[in-house]
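Breakdown of the fold
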Amino acid sequence: MNRYILPLSVLGTAVGGAVLLKDFVAGGACPSKTTIPGKTVIVTGANTGIGKQTALELARRGGTIILACRDLEKCEAAAREIRGETLNHHVNARHLDLASLKSIREFAAKIIEEEERVHILINNAAVMRCPHWTTEDGFEMQLGVNYLGHFLLTNLLLDKLKASAPSRVINLSSLAHVAGHIDFEDLNWEKRKYDTKAAYCQSKLAVVLFTKELSRRLQGTGVTVNALHPGVARTELGRHTGMHSSAFSSFMLGPIFWLLVKSPQLAAQPSTYLAVAEELEGVSGKYFEGLKEKPPAPEAEDEEVAQRLWAESARLVGLEMSYGSSERGQRLPK
């Protein structure tokens, strides 16, 4: 019997060490215990994955949570589940298709009409490395959903956010933004051979540039905006990557994935932290990896690129230029 004690002890130590290492790599839990009763929160893409877990975390803290999702049936099921788990009855589902400018405008109009305040907007929804699909309005899908849809949504809700100040906008980007480049000559991949990975990286770089420029325009309003990389999580987002399509990748890379890939619950901690942490009051225009502020890619810091992207995005979605722009009041062509 004694001969098994040492091997079991070594095994236990190794497993325990691996779990601790995984927790360290993954970033850990939100350190803030702040509750948010009376605060209204919108989370896009909240019927599954990181978005659902973020909504759950914020519902536990007493917020009024609006789940904004393309699939209303799944959204309502997620809302019921969150209400049951948290006993917070202020959790509701709303239809929002970020691949449709019409749907975005309808959602925003309903929020403006029905909600007295919006204190926290979490732009979480995303698609990743999908085939060469286009949105209802003809935008490349990843640019359209990950960036342009949230660009329009946020701008349409800015007056409501300002009236609710202090308020926060949290934009989910990705570490992949470092490999991105904004190609102003072909943002929608109409001229080049489609590269789904490059398109994803471009969309996530656009999110960080948007965060920087929006922060500049919102100075003095009481509205802050920050971007984050939540980490790599086990969610439906990676369904188009083919990461586990072969026995080799599953067997050989499985232990690495286990160490580096977060659960949705753990991946929701950075969004929760940026939404509630008192020490982040007034912090704006920053990029976070997990719970730590980090410098983004050099192109993400380029003010000229950020301003040019804003103007082009406003033109694409038919947004009136305002909020600190020199073209205030000028309507751009659709």
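Residues numbered from 1 in each chain as written. Predicted model: local features only at pLDDT ≥ 70, side-chain atom pairs only at ≥ 80, totals over all residues. Heavy atoms only, no water.

Before going further, it helps to spend a moment on helix α4 (residues 101-114). Given 3.6 residues to a turn, an α-helix orients residues that are three or four positions apart in the same direction. Counted at 1.5 Å a residue, the expected span for α4 with its 14 residues is 20 Å, and the 20 Å between its end C-alpha atoms agrees. For α4, the complete set of buried residues consists of Leu-101, Ser-103, Ile-104, Phe-107, Ala-108 and Ile-111. Buried residues of α4 fall within an arc of 160° about the axis and therefore sit on the same side. Facing away from the buried surface of α4 by more than 90 degrees, the exposed residues are Lys-102 and Glu-113. As for α4, its buried residues are in contact with β1 (40-44), β2 (64-69), β3 (91-95), α5 (141-156), α6 (158-163) and α11 (303-317). (Helix = DSSP H or I, 4+ residues; strand = E, 2+ residues; numbered from the N terminus. Expected span 1.5 Å × (residues − 1). Buried < 20%, exposed > 50% of the residue type's maximum accessible area, 1.4 Å probe, protein only. Arc of directions from axis to C-beta. Contact = heavy atoms within 4.5 Å.)

We now examine the sheet that holds β3. What the eight strands build is an open sheet, ordered β3-β2-β1-β4-β5-β6-β7-β8; its pairing is mixed. In this open sheet, the two strands that pair with only one neighbour each are β3 and β8 (292-293). Pairing of strand β5 (residues 167-172) with strand β6 (residues 223-229), which is carried by six bridges, proceeds in the parallel orientation. Residue pairing for β6: Val-169 is matched across the bridge by Val-225. Across the face of the sheet, helix α3 (residues 72-86) comes into contact with β2 and β3 while running at roughly 175° to β3. Strand contacts of α4: β1, β2 and β3, with the helix running at about 140° to β3, the strand carrying the most contacts. (Pairing = 2+ DSSP bridges. Axes fitted to C-alpha atoms, helices over the stretch in contact; angles between N-to-C directions.)

Moving on, we get to the nonpolar core. Ile-42, Tyr-147, Phe-151, Leu-157, Leu-161 and Ile-182 are the most contacted members of the largest nonpolar core, which totals 53 residues. Within the residue set of this core, elements represented by two or more residues are β2, α4, α5, α6, α7 (196-217), β6 and α11. Considering every element that reaches this core, the biggest residue donor is α5, with eight residues. Among the nonpolar cores identified, the runner-up in size contains 33 residues, and Val-43, Ala-46, Leu-67 and Ala-267 belong to it. (Core = buried A, V, L, I, M, F, W, Y, C linked by side-chain atoms within 4.5 Å.)

Let's shift gears to the pattern of salt bridges. Inspection of every chain in the model, using the stated rule, returns 15 salt bridges. Taking the shortest distance from any N to any O, the salt bridge between Arg-192 and Asp-183 comes out at 3.5 Å. Using a relative accessible area of 17% as the deciding quantity, one classes Asp-183 as buried. Salt bridges linked by common partners bring Glu-57, Arg-60 and Glu-85 together as one network. (Salt bridge = Lys/Arg side-chain N within 4 Å of Asp/Glu carboxyl O.)

Per-residue confidence for the protein averages 86 on the pLDDT scale, and 79% of its residues sit at or above 70. Segment residues 322-334 is flagged for pLDDT under 50; beyond a separation of four residues in sequence, or across chains, it makes 25 contacts in the model. (pLDDT = per-residue confidence, 0-100.)

Before going further, it helps to examine the side chain of Lys-52. Structurally, Lys-52 can be placed in helix α2 (residues 49-60). Owing to a relative accessible area of 18%, Lys-52 belongs among the buried residues under this scheme. Discounting chain neighbours no more than four positions away, the residues touching Lys-52 are Gly-45, Ala-46, Asn-47, Ala-78, Glu-81 and Ile-82.

Evaluated as defined, the whole model comprises six aromatic pairs. The interplanar angle of 70° and the centroid separation of 6.0 Å between the aromatic rings of Tyr-147 and Phe-210 together place this pair among those described as edge-to-face. Of the two residues, Tyr-147 sits in helix α5 while Phe-210 sits in helix α7, which places them 63 residues apart along the sequence. Judged by its relative accessible area of 3%, Phe-210 falls in the buried class. (Phe/Tyr/Trp six-rings, centres within 6.5 Å; stacked < 30°, edge-to-face > 60°.)

What follows deals with the layout of surface pockets. By volume, the second largest pocket is sized at about 230 Å³. Lining the second largest pocket are 17 residues, with Lys-39, Arg-168, Ala-275, Val-276 and Glu-281 sitting closest to its centre. When contributions to the lining of the second largest pocket are tallied by element, the ones reaching two or more residues are β5 and α10 (269-276). Along the lines of polarity and charge, the residues of the lining of the second largest pocket split into six nonpolar, seven polar and four charged. (1 Å grid on protein atoms, 1.4 Å probe; cavity = no way out; pocket = protein on both sides within 12 Å on 5 of 7 lines; lining within 4 Å. Points joined across faces, edges and corners; volume = space filled by probe spheres on them. Nonpolar A, V, L, I, M, F, W, Y, C, P; charged D, E, K, R; others polar.)

It is a general feature of regular strands that their side chains alternate between the two faces of the sheet. Among the six residues of β2, five are classified as buried, and the element is accordingly described as predominantly covered. Bridge count for β1 against β2 is five bridges, and the pairing is parallel. Each residue of the ladder has a partner; that of Val-41, found in β2, is Ile-65. With α2 bridging β1 and the parallel β2, this β-α-β connection has right-handed handedness. Sheet topology note: the β2/β3 ladder contains five bridges and is parallel. For Leu-67, the partnering residue across the bridge sits in β3 and is Ala-93. (Right-handed = clockwise from strand over helix to strand, strands pointing away.)

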